[in-house]
Amino acid sequence: MRHTLSLLVENQPGVLSRVTGLFSGRGFNIESLCVAETIDPQVSRITLVTRGDEQIIEQIKKQLNKLINVIKVVDLSEIESVEREMALIKIKATAEHRAEILRMVDIFRGKVVDVSPLYYTIEITGDAKKLEAFIELMKNFSIKEIARTGTVALPRSKKTELRRN
Amino acid sequence: MKLTGAQIVIESLLKEKVDVVFGLPGGAIIDVYDMLYDSPIRHILVRHEQGAVHMADGYARATGKVGVAMVTSGPGATNTVTGIATAYMDSIPLVVITGQVPTKLIGNDAFQEVDIVGITRPCTKHNYLVKDVNELARIIKEAFHIARTGRPGPVLIDLPKDIQQTKADFVYPDEVKLPGYKPTYHANLRQIKKAAQLLARAKRPVIYAGGGVIYSQGASEELTKMAESFYLPVTNTLMGLGSFPGNHPLWLGMLGMHGTYTANMAISCCDVMLAVGARFDDRVTGKLDEFAPEAKIIHIDIDPSSISKNVRVDVPIVGDCYDALKKLFKALQNTEENIDWKEKHHEWLTQIEEWSREHALAYEQPPDGPIKPQFVVEKLYELTGGEAIVATEVGQNQMWAAQYYKFKRPRTLLTSGGLGTMGYGFPAAIGAQVAFPNKLVLDIAGDGSIQMNIQELATAVGNRLPVKVAILNNGYLGMVRQWQQLFYHRRYSQTSLEYSPDFVKVAEAYGAVGLRATKPQEVEDVIKKALSINAPVFMDFIIEPEENVYPMVPAGAPITKMLLGGTVLV
């Protein structure tokens, strides 16, 4: 099963490597991974999407908690949360297709963020399913390049807030 | 007061009450060695950095204190990796300090540069690269704290040369602030109550005790008290040997691949298993889905990730073994029904006795035949009164030592259980001898393993550390040969060690004493003589070349499927 884990970690060199090393060393999968500073510059948030049965997910969470620099691990799949991902899609946009592409971008509430004589670059945001649906549609045209951010997520409750003393 | 980084290292080690460091200097750690020159800290100069880490490990296992090793950058650092991984697998508290090239050169492929923090990330509990001398004291404080608390483990500090030379104010912090590190010591009482209820209803209970019982101060006494009060039979993992008296009537012997028939049968037939400070290693469980099929499992461990990792557990208890066992004892005393525990377990204990009678550990020593290794270990046990600290190498020697030396107390067996490091025993024995100069320290070795760190003879002789090494010399990499004999149609691919040195002469060349026994009648005399000499001794026992370790469970088979020297039991 797919699980989205939200990790609060100390913002220090090598921490990401400890996390990814744990996954590769123990044979766990990473589907996507997103890292950036939080409002507290000493703390970063890693949002990580992984897959596994119940026992593997439990082991992943325990092993992550064992890392000294990992402050908190929350499994967002167990609680209500919001998930978003962004993709930039560069697509060949010839005159005959431009209108149709724009219509679809509009339906998916995306944006064209760059236009060149041959290409559109489209920005689209949503959960992974929405992105995949859009990408599938765009395959009817010619996709040149895609960059996806991977999932970021937050729980709707207070679960991943840090109490600082 | 401003001190250089090198001085801060020494002052911090003194604050941590470090009395000995094992190591070998080099260009990138020379500044710390310069400060060591005038310090009261004892230094044991090794001949290979792997030896330094194993010595620190042996010191730590024998004393319970944090072992410290110090080496230079590059090859000095990489040579420590096997020792660090050994300590990591067996949860041994170490602090390893490695020199590093100056910060400006890091990443430039400088002379003797290696990314040791990157290399050791998966085999340390934590590691540090010091980038600012102002953080050095805090890092050392944290390193010792992390190494010795929770589930212990090795911590590495990589210390660039310019940091050693830069000055900073020295204030050793009183406490550590680690928001992501809070080990659970206190066992949850609700879980303890559940465990007690299971045990109160059990008809065929077994305690399966591992190394955690040894590392948790006082847990071994609690375990013994609990077993005796409630008539609970106990089996030990290799790492747990010594946590329960090896000559106790409730002791079943070691379990697992080379466990006793009794222990493996008992664990397979039990209805409630109390696992404490053990981690269900594959060498213990054999085939997982046939391991203890009828058992409800209670698992006490300080490391939550050890619980339900390999085997699903019914009552998980996270906490320190001592704390949990103490609480469980009270809970068992206060069970609602008035239980006659002796009567309740009578039938089960009778069954266990029967198993022990049917298939006790056995070997035959023909009076005129070649020496049997089991006979040597039994004689060692007898002539040392079972009072020695015993290190082992890895392989057949390790298993015979585990089976035939009946360990009575915690911290008397030093063995590489998790990683299975050949070459571990001799330096570990030296480390233990440093900690206990007046105790008898033995290394039970094979002719293969002893050659993997034989250079440390110089360290033993030079520091007057009278370690006694019993080499069970069969001319083979014996355990691999045994597998080849049993599972690879006797195709002895690269397991014969025909060109080994004369170990007596090797010992003598280093200034130690070498003795040899080739007949069973000579064994006792050689041991007696070795024990009477106050110097390192190599005892070369020329043993039956193709003797096997039995019982043996083939890898991946259920543990009831034991080979007992020819017969297969199902």
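About the criteria used
All residue numbers here refer to positions counted from 1 along the written sequence of the relevant chain. Chains carry letters from A onward and ligands carry numbers from 1 onward, assigned in written order. Given that the model is predicted, a residue must reach a pLDDT of at least 70 before its local features are reported, and side-chain atom pairs must reach 80 or more before they are shown or counted; all residues, however, enter totals for whole chains, interfaces and linings. Side-chain figures throughout are based on the complete set of non-hydrogen atoms in the structure, without hydrogens or water. By convention a nonpolar core is built from buried Ala, Val, Leu, Ile, Met, Phe, Trp, Tyr and Cys residues, the set being connected through side-chain atoms within 4.5 Å. Relative accessible area decides the class of each residue, using a 1.4 Å probe on protein chains only: under 20% of the type maximum gives buried, over 50% gives exposed, and in between gives partly exposed. Throughout, a contact is declared for two residues whenever any of their heavy atoms are within 4.5 Å. Buried surface area refers to the total accessible area, computed with a probe of radius 1.4 Å, that the two partners give up upon joining, counted for both partners together. The term salt bridge refers to a side-chain nitrogen of Lys or Arg lying within 4 Å of a carboxyl oxygen of Asp or Glu. N or O atoms within 3.5 Å of each other form a polar contact, as long as, within protein, one can give a hydrogen and the other can take it, and as long as residues adjacent in sequence are counted only when both atoms are side-chain atoms. Following the grouping adopted for this structure description, the nonpolar residues are Ala, Val, Leu, Ile, Met, Phe, Trp, Tyr, Cys and Pro, the charged ones are Asp, Glu, Lys and Arg, and the polar ones are all others, Gly among them. What counts as a helix is a DSSP run of H or I of at least four residues, what counts as a strand is a run of E of at least two, and both are numbered from the N terminus. Here a Phe, Tyr or Trp ring, Trp counted by its six-membered ring, pairs with any other such ring whose centre lies within 6.5 Å, and the pair is stacked when the planes are under 30 degrees apart, edge-to-face when over 60, and tilted otherwise. Sitting over a ring, as applied to charges here, requires NZ of Lys or CZ of Arg to be within 6 Å of the ring centre and within 35 degrees of the ring normal. Strands qualify as paired when DSSP identifies two bridges or more between them. Arc definition: it is the arc formed by the directions from the helix axis to the C-beta atoms. Charge counting follows a simple rule: Lys and Arg are positive, Asp and Glu are negative, and His as well as the terminal groups are ignored. Every helix has an expected span of 1.5 Å times one less than the residues it contains.

Asks: Would you mind showing me how to read the nonpolar core here?
Replies: Nonpolar side chains in soluble globular proteins generally cluster together in the buried interior. All names here are of chain B. Counting residues in each nonpolar core, the largest one holds 102 residues, and the members touching the most others are Met273 and Phe541. Those residues in contact with Met273, other than ones at most four positions away along the chain, are Val206, Tyr208, Ile267, Phe280, Phe291, Ala292, Ala295, Lys296, Ile297 and Ile298. Counting residues in hydrophobic clusters, the runner-up holds 49 residues, among them Phe22, Leu156, Ala429 and Val441.

Asks: Mind showing me how you'd approach the interface of chain B and chain A here?
Replies: Residue-level contacts link 20 residues of chain B with 18 residues of chain A. A buried area of about 1,600 Å², summed over both sides, lies between chain B and chain A, and 46% of it is on carbon and sulfur atoms. Counting across the chain B and chain A interface gives 2 salt bridges. A:Glu58 is paired through a salt bridge with B:Arg312; the nearest N and O atoms lie 3.3 Å apart. One can count 11 residue pairs in polar contact (both at pLDDT 80 or more) joining chain B with chain A. Taken together, the residues of the side of chain B that touches chain A break down into 7 nonpolar, 6 polar and 7 charged.

Asks: Mind showing me how you'd approach unusual backbone geometry here?
Replies: The general pattern is negative phi for most residues beyond glycine and trans for most peptide bonds. Residues and elements named next belong to chain B. Pro551 follows Tyr550 through a cis peptide bond whose omega is 0°. Considering the arrangement of structural elements, one finds Pro551 in the segment after strand 20 (537-542). In this model, Phe280 sits at a positive phi of 55°, which is unusual for a non-glycine residue. With respect to the helices, strands and loops of the structure, Phe280 is situated in the loop between strand 12 (272-276) and helix 13 (282-285). Non-glycine residue Ala292 carries a positive phi angle of around 40°.

Asks: For this particular structure, what's the right way to read the packing of aromatic side chains?
Replies: One pair of aromatic rings is described through two measures. These are the centre distance and the angle between the planes. Residue and element names in this part refer to chain B. Counted according to the given criterion, the structure contains 15 aromatic pairs over all chains. Centroid distance Phe170 to Tyr172: 6.2 Å. Interplanar angle 35°. Geometry classified as tilted. Here Phe170 matches Tyr172 in class, with each residue buried. Among the aromatic side chains, those forming a connected cluster through ring pairs are Tyr208, Phe280 and Phe291. Here the basic side chain of Lys225 rests over the ring of Phe329, its NZ or CZ set 4.5 Å away from the ring centre. Sitting above the plane of the Tyr476 ring, Arg481 keeps its charged end 5.5 Å from the centroid.

Asks: Teacher, can you tell me more about the pairing of strand 1 (residues 2-10) of chain A here?
Replies: Side chains on a regular strand alternate between the two faces of the sheet. Residue and element names in this part refer to chain A. Strand 1 sits mainly inside the fold: 8 of its 9 residues count as buried. Alignment of strand 1 against strand 3 (residues 43-51), held across 9 bridges, turns out to be antiparallel. Its bridge partner lying in strand 3, His3 is registered against Thr50. When strand 1 meets strand 4 (residues 70-75), the two strands line up antiparallel, connected through 5 bridges. Across the sheet, Ser6 pairs through a bridge with Val74, a residue of strand 4.

Asks: Where do I start with helix 4 (residues 128-138) of chain A in this structure?
Replies: For the α-helix, the turn length of 3.6 residues means that residues three or four positions removed from each other point alike. Residues A:Ala128, A:Leu131, A:Phe134, A:Ile135 and A:Met138 constitute the buried set of helix 4 of chain A. For helix 4 of chain A, the angular spread of the buried residues around the axis is 130°, confining them to a single face.

Asks: What is the right way to read the environment of B:Asp282 from this model?
Replies: Residues and elements named next belong to chain B. For Asp282, the position within the fold is in helix 13. Along the sequence, Asp282 and Val390 sit 108 residues apart, while their C-alpha atoms lie 24 Å from each other. A polar atom in the side chain of Asp282 sits 3.2 Å from the side chain of Arg283.

Asks: Explanation requested: the environment of A:Ser32 in the structure shown.
Replies: Residue and element names in this part refer to chain A. Relative to the helices and strands, Ser32 is located in strand 2 (residues 32-37). Relative accessible area serves as the criterion here: at 15%, Ser32 is assigned to the buried category. For the pair Ser32 and Leu48, spaced 16 residues apart in sequence, the C-alpha separation works out to 5.7 Å. Aside from chain neighbours lying at most four places away, what touches Ser32 is Thr47, Leu48, Val49, Gly150 and Thr151. A distance of 3.4 Å separates a polar atom in the side chain of Ser32 from the backbone nitrogen of Thr151.

Asks: Sorry, what's going on with the side chain of B:Lys125 here?
Replies: By the element assignment, B:Lys125 lies in the loop between helix 6 (116-120) and strand 6 (126-129). The buried charged residue B:Lys125 lacks any salt bridge partner; its closest oppositely charged side chain belongs to B:Asp303, at an N-O distance of 8.9 Å. Polar side-chain contacts of B:Lys125 include one of 2.8 Å to the backbone oxygen of B:Thr149. The contacts of B:Lys125, once residues within four sequence positions are left out, are A:Ile68, B:Tyr88, B:Ile146, B:Thr149, B:Gly150, B:Arg151, B:Pro152, B:Gly153, B:Pro154 and B:Tyr181.

Asks: Sorry, what's going on with the pattern of salt bridges here?
Replies: Close approach of charged atoms allows side chains of opposite charge to pair. All names here are of chain B. A complete count under the given rule lists 37 salt bridges over all chains for this structure. In this structure, Arg138 and Glu135 form a salt bridge, with 3.7 Å as the shortest nitrogen-oxygen distance. By relative accessible area, which is 32% here, Glu135 ends up partly exposed. Linking Lys379 and Glu382 is a salt bridge whose minimum nitrogen-to-oxygen distance equals 3.3 Å. In this pair, Lys379 and Glu382 both sit in helix 17 (residues 373-383), 3 residues apart, roughly one turn of the helix. Each of Lys379, Glu382, Glu524 and Lys528 takes part in salt bridges that share partners, so that together they form one network.

Asks: Can you walk me through helix 16 (residues 346-358) of chain B in this structure?
Replies: All names here are of chain B. The first and last C-alpha atoms of helix 16 sit 18 Å apart over 13 residues, in line with the 18 Å expected at 1.5 Å per residue. All of the buried residues in helix 16 are Trp348, Leu349, Ile352 and Trp355. End-on view of helix 16: buried residues confined to an arc of 110°, all on one side of the axis. Across helix 16 from its buried face, at more than 90 degrees, point the exposed residues Glu347 and Arg357.

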